[in-house]
Amino acid sequence: MLDLIFFIPLLTVIALAATCRLVFRRKSSGPLGWLGLTSVTIALLIAAVLPLGYGVWLPDIFGPQHTLCSATSSSGHRVSIIQYWNHEDFYTTEARVTDPDGVTVITLLDGDDGKAWTATLHLDPSQTSATFTIPDGLTGRITW
């Protein structure tokens, strides 16, 4: 339900576009037509930028999970930092360790995180742990 709040600007734009189409139908090349077109264009820009002001990237609402970083150890363990929209209010960030047999262990890093585009992951020389850093200040250690 909360996801629909981000689409209120879009629904407003659609309503404005329909109204402009009905009202300015015969005067599309006159000053009122240009005013209507300009209003709709500005409303579309606001509808696209407003969710970004709240820290939400609209394609993430219905989009897939994003792999921020991943690495594979010499023993065959694959470590990935994954982030996705949790369909409530923020992003969820997880660490996933997949062993050579294909079994994946998921560790919740932050269930109330902001949008991150990248992260860094460094494997320790022992190849049994990794250290991650996400630019928003989240750091930690993953062991397997």
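Everything numeric in this text was worked out from a predicted model, so none of it was measured. (Residues numbered from 1 in each chain as written. Predicted model: local features only at pLDDT ≥ 70, side-chain atom pairs only at ≥ 80, totals over all residues. Heavy atoms only, no water.)

Student: An account of the overall build of the chain is needed here, citing residue identities and associated values.
Tutor: Scanning the chain from N- to C-terminus turns up three helices and seven strands. Of the regular secondary structure in the chain, the N- to C-terminal order runs α-α-α-β-β-β-β-β-β-β. In the chain, the share of contacts with a sequence separation of at least 24, taken over all contacts with a separation of at least 6, comes to 35%. About 9,000 Å² of surface is accessible on the chain, with carbon and sulfur atoms providing 65% of the total. (Helix = DSSP H or I, 4+ residues; strand = E, 2+ residues; numbered from the N terminus. Contact = heavy atoms within 4.5 Å. Areas by Shrake-Rupley, 256 points an atom, 1.4 Å probe, with all protein chains shown as cover.)

Student: Go over the pairing of strand β1 (residues 66-72), please, and point to the residues and values.
Tutor: Judged from the six bridges that link them, β1 and strand β2 (residues 78-85) form a sheet pairing that is antiparallel. Within β2, the position partnered with T67 by the bridge is I82. Here β1 hands over to β2 after five residues, with G76 in that stretch at a positive phi of 100 degrees. (Pairing = 2+ DSSP bridges.)

Student: Would you mind going over unusual backbone geometry in detail, with residue names and values included?
Tutor: Generally, phi is negative for residues other than glycine and the peptide bonds are trans, each holding for most cases. Notably, Q127 is not glycine yet its phi reads approximately 60 degrees, a positive angle. Structurally, Q127 can be placed in the loop between β5 (120-123) and β6 (129-133).

Student: How would you summarise the side chain of D124 if you had to cite specific residues and measurements?
Tutor: Among the structural elements, D124 can be located in the loop between β5 and β6. A polar side-chain atom of D124 sits 2.4 Å from a polar atom in the side chain of S129. Residues in contact with D124, not counting those within four places in the same chain, are S129, A130, T131 and R141. (Polar contact = N/O pair within 3.5 Å; in protein donor to acceptor, adjacent residues only side chain to side chain.)

Student: Describe the environment of I42, and please don't skip the residues or the numbers.
Tutor: You can see I42 is positioned in helix α2 (residues 31-53). Take I42: its relative accessible area is 45%, and that puts it in the partly exposed class. (Buried < 20%, exposed > 50% of the residue type's maximum accessible area, 1.4 Å probe, protein only.)

Student: How would you summarise the sheet that holds β2 if you had to cite specific residues and measurements?
Tutor: Across the sheet, which stays open at both edges, the four strands sit in the order β1-β2-β3-β4 with antiparallel pairing between neighbours. The sheet is open, and its two borders are formed by β1 and β4 (104-113), each paired with just one other strand. Here the average twist between neighbouring strands, direction ignored, is 15 degrees. As defined by bridge partners, strand β3 (residues 91-98) adjoins β4 across seven bridges and the pair is classed as antiparallel. Bridging across to β4, E94 finds its partner in L108. (Axes fitted to C-alpha atoms, helices over the stretch in contact; angles between N-to-C directions.)

Student: Account for a nonpolar patch on the surface, with residues named and values stated.
Tutor: A surface patch of nonpolar side chains, amounting to about 420 Å² of accessible area, comprises I42, I46, L50 and Y54. Relative to the helices and strands, I46 resides in helix α2. (Patch = residues over 30% accessible without salt bridge, like charges linked within 9 Å, V, L, I, M, F, W, Y side chains within 5 Å. Salt bridge = Lys/Arg side-chain N within 4 Å of Asp/Glu carboxyl O.)

Student: Describe the pattern of salt bridges, and please don't skip the residues or the numbers.
Tutor: Inspection of the entire model under this criterion finds two salt bridges. Of the charged contacts, one joins E94 and R96 as a salt bridge, the two residues approaching to 2.8 Å between their closest N and O atoms. Each member of the pair E94 and R96 is classed as buried. Between D124 and R141 there is a salt bridge, and its shortest N-O distance comes to 2.3 Å. Here D124, found in the loop between β5 and β6, pairs with R141, found in strand β7 (residues 139-143); they are 17 residues apart in sequence, far enough to count as distant. What makes R141 exposed here is its relative accessible area of 53%.

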